[in-house]
Amino acid sequence: MDFNYLTTIIFLPLAGAIIVAFVPNLHHKVIKWISAIFTFVPLALSIYLFAIFDRSVGAIQFEEKLSWIPTINAHYHLGVDGLSLPLVILMTFLGFLVVLISWKIDLRPREYFAWLLLLETSILGVFCSLDLLLFFLFWEIEVIPMYFLISIWGTGRKEYSAIKYVVYTLFGSAMMLAGILSLYFATGSLSMVDIAQTGLATFTAVIPVAAIFFLLLTGFAIKLPVFPLHTWLPDAHTDAPTAVSVVLAGALLKMGGYGMIRLCVTIFPQVAQQYAPLLVAFAIVSVLYGAAVTLRQTDLKRLIAYSSISHMGYVLLGIFALGQVSLVGATLQMFSHGIITGLLFAMVGLVMHNAGERDLRKLGGLVRQMPIIAVVFSIAGLGALGLPTTSGFAAEFLVFVGSFTSTVVSGIQVYTILGVLGIVITAGYILWMLQRVFYGPVLEKFNGVKDADILERVYMFAFVAVIMLVGIYPAILTDVIKTGIMPIMGLLGA
Amino acid sequence: MPYQLVWLIFLLPFFSFAIISLFFRPFLNHKPKLGGYITIASLTASLGLSVWALMEVMAAPGHELPIPDINWVIIEGGITIHLGLMVDSLTAVMLIVVSLVSLMVQIYSQGYMAGDPGYHRYFAFMSLFTGSMLALVLADNLLFMYVFWEMVGLCSYLLIGFWFHRPAAANAAKKAFIVTRLGDFGFLAAILLLFFNTGTFDIAELHSLAITGALAGTTLTWAAIGIFSGAVGKSAQFPLHTWLPDAMEGPTPVSALIHAATMVAAGVFLVARCYPLFSHSVEALTTVAVIGGFTAIFAATMGLVMTDIKRVLAYSTISQLGYMMLGLGTGGIAIGIFHLFNHAFFKALLFLGAGSVNHATGTFDIREMGGLRKFMPWTYATFVIASLSIVGIWPLSGFWSKEEILASSLGSQPILFYLAMLTVFMTAFYMFRVVFLTFGGKYRGGGSEAHGKPHESPSVMVMPMVVLAVLAVVSGFWNVTGGFGQFLGHGETHSFAQGFFGILTHPLPWLSLILAGLGILLAYAIYSVKWLSAERIGSMFKPLYTLFYRKYWFDELYENVFVGKALVGGLFAGLQVFDTYGVDGAVNGVASATVAGGRAIRKAHTGQLQLYGLFIGIGILAIILCLYFFG
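Residues numbered from 1 in each chain as written. Chains lettered and ligands numbered in written order. Predicted model: local features only at pLDDT ≥ 70, side-chain atom pairs only at ≥ 80, totals over all residues. Heavy atoms only, no water.

**With respect to the overall build of chain B**
Note the cut-off: Only DSSP runs of H or I with at least four residues qualify as helices, and only runs of E with at least two residues qualify as strands; both kinds are numbered from the N terminus onward. Note on classification: 1.4 Å probe, protein chains only; a residue is buried when its accessible area is under 20% of the maximum for its type, exposed when over 50%, partly exposed between these limits. In what follows, residue pairs with any heavy atoms lying within 4.5 Å of each other are defined as contacts. The Shrake-Rupley method, run with a 1.4 Å probe, gives the accessible areas here. Residue values count only the displayed protein chains as cover. Under the counting rule used here, the positive set is Lys and Arg, the negative set is Asp and Glu, and His together with the chain ends is not counted. In plain terms, the charge of a residue is placed at NZ if it is Lys, CZ if Arg, CG if Asp and CD if Glu.
Tallying secondary structure elements over chain B gives 26 helices and 4 strands in all. Counting over 631 residues, chain B shows a buried share of 59%. Contacts spanning at least 24 positions in sequence make up 80% of the contacts within chain B whose residues lie at least 6 apart. For chain B, the accessible surface area stands at approximately 23700 Å², while carbon and sulfur atoms represent 71% of it. Looking at chain B, you have 30 positive and 28 negative side-chain charges, and the mean spots of the two groups are 16 Å apart.

**Some words on the overall build of chain A**
Applied cut-off: Note on method: radius of gyration uses C-alpha positions; expected globular size equals 2.2 Å times residues raised to 0.38.
If you tally the helices and strands in chain A, you get 19 helices and 2 strands. Taken over C-alpha atoms, the radius of gyration comes to 21 Å for chain A, in line with the 23 Å a tight globule of 494 residues would show. Viewed in the frame of its principal axes, chain A has a C-alpha envelope of about 70 × 60 × 40 Å. Counting across all 494 residues of chain A, residues that qualify as buried make up 68%. The contacts in chain A between residues at least 6 apart in sequence include a share of 82% that link residues at least 24 apart. Positive and negative side-chain charges of chain A, numbering 25 and 24 respectively, have mean locations separated by a distance of 9 Å.

**Looking at the pairing of strand β3 (residues 79–83) of chain B**
Residue and element names in this part refer to chain B. Rules: Note: two strands are recorded as paired if DSSP finds a minimum of 2 bridges between them.
Judged by which residues are buried, β3 turns out to be one-sided: Ile-79, Ile-81 and Leu-83 face inward and are buried, whereas Thr-80 and His-82, on the alternate face, are not. Across 5 bridges, the pairing between strand β2 (residues 70–75) and β3 is antiparallel. Bridged to Ile-74 within β3 is Thr-80. Two successive antiparallel strands, β2 and β3, enclose a turn made up of 3 residues, where Gly-77 displays a positive phi of approximately 70°.

**Observations concerning the packing of aromatic side chains**
Geometrically, a pair of aromatic rings is defined through the distance of the ring centres and the angle of the planes. The condition that has to hold: For this analysis, a ring pair means two rings from Phe, Tyr or Trp (six-membered ring only for Trp) whose centres lie within 6.5 Å, classed as stacked if their planes differ by under 30 degrees, edge-to-face if by over 60, and tilted for the remaining angles. In our convention, an over-ring charge means Lys NZ or Arg CZ found within 6 Å of a ring centre and within 35 degrees of that ring's normal.
The tally for this structure, following the rule as stated, stands at 70 aromatic pairs over all chains. Ring centres 4.9 Å apart and planes at 85° place the aromatic pair A:Phe214 and A:Tyr275 in the edge-to-face group. Here A:Phe214 is found in helix α9 (residues 209–223), whereas its partner A:Tyr275 is found in helix α12 (residues 269–294), with 61 residues between them in sequence. Ring centres of B:Phe399 and B:Trp400 lie 5.2 Å apart, and the angle between their planes is 80°; on these two criteria the pair is classed as edge-to-face. For B:Trp400, a relative accessible area of 4% gives the class buried. An aromatic cluster of three or more residues is present, and its members are A:Phe393, A:Phe397, B:Tyr146, B:Trp149, B:Phe187, B:Phe195 and B:Phe201. The ring of A:Trp153 carries the charged tip of A:Arg108 above its face, separated from the ring centre by 6.0 Å. The positively charged end of A:Arg157 is found above the aromatic ring belonging to A:Tyr160, 4.1 Å away from the centroid.

**So, the packing of helix α4 (residues 109–128) of chain A against helix α6 (residues 143–153) of chain A**
All names here are of chain A. Rule in force here: Here the axes come from fitting lines to C-alpha atoms, over the contacting stretch only for helices, and the angles between their N-to-C directions go from 0 to 180 degrees. The handedness criterion is simple: a crossing whose near helix is rotated anticlockwise from the far helix by less than a right angle is left-handed, and one whose near helix is rotated clockwise is right-handed. When residues are sorted by character, Ala, Val, Leu, Ile, Met, Phe, Trp, Tyr, Cys and Pro go into the nonpolar class, Asp, Glu, Lys and Arg into the charged class, and all the rest, Gly among them, into the polar class.
At their nearest, the axes of α4 and α6 sit 8 Å apart, and the two run at 145° to each other. For the pair α4 and α6, the crossing hand works out as left-handed. Facing Glu-111, Tyr-112, Trp-115, Leu-116, Leu-118 and Leu-119 of α4, the residues of α6 in contact are Ile-144, Pro-145, Met-146, Phe-148, Leu-149 and Trp-153. Split by residue class, the contact of α4 with α6 holds 11 nonpolar, no polar and 1 charged.

**A short note on unusual backbone geometry**
Of the consecutive residues A:Leu224 and A:Pro225, the connecting peptide bond is found in the cis state with omega at -10°. The amide bond that connects B:Trp394 to the next residue, B:Pro395, takes the cis arrangement and shows omega of 0°. Topologically, B:Pro395 is positioned in the loop between α17 (377–391) and α18 (397–412). The residue A:Thr389 is not glycine, and still its phi comes out positive at about 80°. Counting through the fold element by element, A:Thr389 comes out in the loop between α15 (371–384) and α16 (391–404).

**Description of the nonpolar core**
Residues and elements named next belong to chain A. Our working definition: In these notes, a set of buried Ala, Val, Leu, Ile, Met, Phe, Trp, Tyr and Cys residues joined through side-chain atoms within 4.5 Å is what counts as a nonpolar core.
Ranked by size, the top nonpolar core spans 437 residues in total, and within it Phe-320 and Phe-438 carry the most contacts. Residue contributions to this core peak at 19 residues, all from helix α14 (residues 324–355). Residues within four places of Phe-438 in sequence aside, it is in contact with Val-351, Gly-365, Leu-366, Val-367, Met-370, Ile-373, Ala-374 and Phe-377.

**Some remarks on the packing of helix α3 (residues 89–112) of chain B against helix α20 (residues 459–474) of chain B**
Residue and element names in this part refer to chain B. As a reminder, the rule being used: Every angle not falling under 35 degrees, over 145, or within 65 to 115 is termed oblique; those three ranges are roughly parallel, roughly antiparallel and roughly perpendicular.
At a minimum axis separation of 7 Å, α3 and α20 run at an interaxial angle of 155°. Relative to α20, α3 is oriented roughly antiparallel. Considering the relative orientation of α3 and α20, their crossing is left-handed. For the pair formed by α3 and α20, the contact residues are Leu-100, Met-104, Ile-107, Tyr-108, Gln-110, Gly-111 and Tyr-112 on the first element and Val-460, Met-461, Met-463, Pro-464, Met-465, Val-467, Leu-468 and Leu-471 on the second. Class assignment for the residues of the contact of α3 with α20 results in 13 nonpolar, 2 polar and no charged.

**Considerations on the confidence of the model for chain A**
The line we're drawing: For every residue, the predictor states its confidence as a pLDDT score lying anywhere from 0 to 100.
Of all residues in chain A, 99% have pLDDT values of 70 or greater, and the mean over the chain is 90. Model confidence for chain A, summarised as mean pLDDT per element, is weakest for helix α8 (residues 192–198) of chain A at 86 and strongest for helix α3 (residues 84–101) of chain A at 94.

**Examining the interface of chain A and chain B**
Think of interface size as the accessible area that goes away when the parts come together; that is how it is often given. Note the threshold: Put simply, buried area is how much 1.4 Å-probe accessible surface two parts lose in total, over both of them, once they are put together. Salt bridges are defined by distance alone: a side-chain nitrogen of Lys or Arg within 4 Å of a carboxyl oxygen of Asp or Glu.
In this assembly, 58 residues from chain A lie in contact with 48 residues from chain B. Here chain A and chain B share an interface that buries about 4700 Å² over both sides, 74% of which is from carbon and sulfur atoms. Counting the surface chain A buries against chain B, the share from its top three residues, A:Arg296, A:Phe397 and A:Leu431, is 13%. For the interface between chain A and chain B, the tally reads 1 salt bridge. One salt bridge connects A:Lys164 with B:Asp584, and the closest N-O pair in it is separated by 2.5 Å.

**Some thoughts on a positive patch on the surface**
All names here are of chain B. Which entries qualify depends on this criterion: Patches draw on residues past 30% relative accessible area with no salt bridge. Two like charges within 9 Å are joined, as are two nonpolar side chains (Val, Leu, Ile, Met, Phe, Trp, Tyr) within 5 Å.
Together, Arg-373, Lys-374, Lys-442 and Lys-453 give the surface a local cluster of positive charge. As for its placement among the helices and strands, Lys-453 is situated in the loop between α19 (414–439) and α20. Judged by its relative accessible area of 64%, Lys-453 is exposed.

**Re a nonpolar patch on the surface**
Taken together, B:Trp510, B:Ile514, B:Leu518, B:Leu521, B:Tyr524, B:Val529, B:Trp531 and B:Leu532 make up a surface patch of nonpolar side chains, about 800 Å² in accessible area. The residue B:Trp531 is located in the loop between α22 (507–528) and α23 (534–540) in this model.

**Structural notes on the pattern of salt bridges**
If you walk through the whole model with that rule in mind, you get 21 salt bridges over all chains. Salt-bridge contacts for A:Asp235 lead to A:Arg302; the nearest nitrogen and oxygen are separated by 3.4 Å. You can see A:Asp235 sitting in helix α10 (residues 232–239) and its partner A:Arg302 sitting in helix α13 (residues 300–320), a full 67 residues away along the chain. Looking at A:Asp235, the relative accessible area reads 3%, which means it is buried. The partner of B:Lys175 in a salt bridge is B:Asp246, with the nearest N and O atoms 2.8 Å apart. Of this pair, B:Lys175 sits in helix α6 (residues 167–198) while B:Asp246 sits in helix α9 (residues 243–246); the two residues are 71 residues apart in sequence, bridging distant segments of the chain. Through salt bridges with shared partners, a single network forms among A:Arg157, A:Lys164, A:Asp235, A:Arg302 and B:Asp584.

**Examining the side chain of B:Thr91**
Residues and elements named next belong to chain B. Looking at the secondary structure, you find Thr-91 in helix α3. Classification of Thr-91 as buried rests on a relative accessible area of 0%. Non-local contacts of Thr-91, meaning those with residues more than four positions away in its chain, are made with Met-86, Val-137, Leu-138 and Arg-273.

**Here's the deal with helix α5 (residues 142–160) of chain B**
Residue and element names in this part refer to chain B. Quick note on the threshold: An expected span of 1.5 Å times one less than the residue number is assigned to each helix. Polar contacts, as used here, are pairs of N or O atoms within 3.5 Å; protein pairs need one atom able to donate a hydrogen and one able to accept it. Residues neighboring in sequence count only if both atoms are side-chain atoms.
Along its 19 residues, α5 runs 26 Å from first to last C-alpha, staying within 8% of the 27 Å computed at 1.5 Å per residue. The buried fraction of α5 amounts to 19 of the 19 residues, a majority that puts the element mostly inside the structure. Measuring from the side-chain oxygen of the N-cap residue of α5 to the backbone nitrogen of Leu-143 gives 3.0 Å; that N-cap residue is Asn-141.

**So, the environment of A:Gly329**
All names here are of chain A. Along the chain, Gly-329 turns up in helix α14. By relative accessible area, Gly-329 is classed as buried at 0%. Spatially, the C-alpha atom of Gly-329 lies 9.2 Å from that of Ser-403, the residues being 74 residues apart in sequence. The contacts of Gly-329, once residues within four sequence positions are left out, are Ala-395, Leu-398 and Val-399.

**So, the confidence of the model for chain B**
Counting all residues, the mean pLDDT for chain B is 86, and 97% of those residues have values of 70 or more. Scoring the predicted complex yields pTM 0.89 and, for the interface, ipTM 0.84.

**Structural notes on the environment of B:Arg536**
Relative to the helices and strands, B:Arg536 resides in helix α23. The sequence separation of B:Arg536 and B:Phe554 amounts to 18 residues, and the corresponding C-alpha distance is 27 Å.

**Observations regarding the state of the cysteines**
Residue and element names in this part refer to chain A. Note the following rule: Our working definition of a disulfide is a cysteine sulfur pair at a distance within 2.5 Å.
Considering all chains together, one arrives at 0 disulfides over all chains under this definition. No disulfide involves Cys-264; its sulfur sits 19 Å from the nearest other cysteine sulfur, which is in Cys-128. Exposure remark for Cys-264: the relative accessible area of 0% places this residue in the buried category.

Right, here's the structure in full:
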């Protein structure tokens, strides 16, 4: 390995953040350009990695390993496999586009972009770390920029939401840290790869293995989120600035799903199998409950926020169905949801910014004033309701097929069918929302409201292109994802 | 020519969709006609290729063309999905129906939609629809089919809501999508169930598994019922019929193409495509027949009393689709599909006629029309031909296919046969009620948008109607000697006698002709010569009239009681309250408790080192005691 691709990808945004924060007297425009460049290069690099990724083996690639704290056997250990690479691309893609989405930010842009770039570094670090301590470090760093971004640039009850987010996340990470420490004291290693390979059978832990599993799982379940640990999400999403909502829904929630696969399933395959029925039940509750509550929302942004709970329920279903196809589906669903919901939040932001209204009962007829936003919003909505030819369909279908045919949980067919019922409710709230915002009589109060400008059209097009590409030819991602899932299937003994 | 060219049949309309939406609408919006031209050009090519495919299929051994697959998603040891086309006799017939009717409708639309600001959007959606519909009938596996099944549903949604500024249109569009999706839920569940049990989505493989008996029993029945529930949604069969009448909010050519001739018939096609799954499960086949037969008469009763010409036609479509299901359930593929084939032409024609009438009078209310025979001779003539055909008058196309359905249902489901016979009478009555009210008597002034005297529509609209009228006469001749039945592979023919005149040697056709004649006569008596007063009859059967007119209160039951009160207003609202006060309340409660606890404990932090020292001392003592006792 000549060139440390992953280190470069992870720390370029941080470098940008440092420049933006500490070089004095930078003009607004310059700050934005610097941010754009320092996020575009990681995107380009990650696409390059995707192109040269060896799809024939199920191994970790582009590995970097340096001794970090020898006394506790901690390493600076990075690497990606078929599971994490799509999420890295997702984050670098969103990372670049949110800079474009934030182009109109005028309030304290220096700090704003610094925090935003730091956020990208921390999330990328989570997806690339193979050392538990490093993983935890990146996981914790993410909270800081998030807190400031919501509480300073947010709207509504922003301080409440920001604190709620921080406390909730720290509660989860405290559990996680306890779990990681228990693992470390049991095995003496912090390497995810080593622990997964040797398994836990030969070690004696201070607390039962299942308890470690649940400590870690709680941390991830809060992030995902899983009912009943979800109430931070609607508040944080609703009150965050647009770009932060995009990252939050698009990439941050995926840390939860990724952690579940990478740690809970890979390190504790037996425990995961044992408790899969319970977790699948929680998944279905999240799907149906989330969808039902979404249908009752009257705030445009809150509606989209709630829909994430339902959609991430499919991820949980796919993960704990513990089948090869279902895990591939869950990973694809994470990617797909990231792009689709990212676009939905971006569109919500535009509607709110241009029309100055977010209450669904007061919106209407906007397709006349903003035809392009209406079309793109509709495409994103159709992706969310799982219309074929969008990535949403490919992902949800793989989750359904994979779960239905899984052999781990008995009676999972019934759960899956209940989950499929969720797509009917989803159609209900998405179409209702689109009708409320765009259709119906043209309202005079919105006369003169602007449609998307050139820059906005560019990033919209990028989102739509990815949604359609993955929807029409999902193998472009599944061929990579399946190389990451295959070793896990080996551990599960399937 | 290589068989791969079949791909072009459905790709060409997709290209036209892409060109219109990516180039014409942004850059050439001032030249609206272009969108129509390119749609028509691509559909002409598709029609040509469809005709070629039909010829090839007729000549091919086993009536099937081999076409190589394309890999879509492969996960080793889990799932393998290919995209492929299946071109057999059923597909070939459907290709002709879809591309021909669509072409006629697009030509007609050039006149009907002229001057509409959404012209490009209209043709873009129409192209997308036609492409998806053609792909739907070409798909060789259930998943690929489901994909386009949803796509045609999307186009239907977009086109019903074409005039989205009207709340009624936006509501109707949403209703259509959600109600059909309820059916699609069953379809998707059936796909999952079949894959779970067989490991394949491929239709041909599923056929052979069902035929050999590897796929049988309750699994097969449930899979078939699930597939049928998709068909019930799309084909607006009872109890998911409520969306189709509302779908008439869309532009009339859309109703002609999507909600009469092609998309709503996709449900019938789906059952025909999966026929071996149904024919090896008695329960499933009986369900199809019963739902179909019941829907036929159920919808016809509502058609009797509607005053909106398009709604009468909509109920008539539901009723005729019920006939097709009955034909599939009691006879076989050829019986149901033959009626689909004939119905596509005459029903599209009826809708185009309704559009033409609306073009002249500015209304769809038949009470405001009247006397149009003089002003619109072409529309009148073609509309009457289509009406006679749907009623089933010898020797028009509807006669031949309806006869087979009646004959096959007499054989296996006598009760449904009597219902179907009664429906023949009703069909004749409601169709000629429309004919007499619209074209007979004196002109009653039209709608508020009417301008002066009504006039015949431009030739660009009349010409497609004439073409369809010719087809409404002759399309039935294909099966006069059982040719259609043989082509579809099983040679089923359930008429008791054959031949152009020969069929009249059996009493059954005479019975249905007499019933149809009586229906026409009754309509004539009430609405033309007024021997009987419509009001008197209406008040005589007041409760029945109200029941039909209010559509058996199904809309109220579904929308207000079920969705409004029980789900959204009841359960979902309850969950919302639970989420805010239960789940989130608990979170906030924990937070408040912590804060309160902090306040309480703060009192202990006095800042006096002596006190801290005391507590440290007590703590150490406690640890020592613990070690002493437990250690």
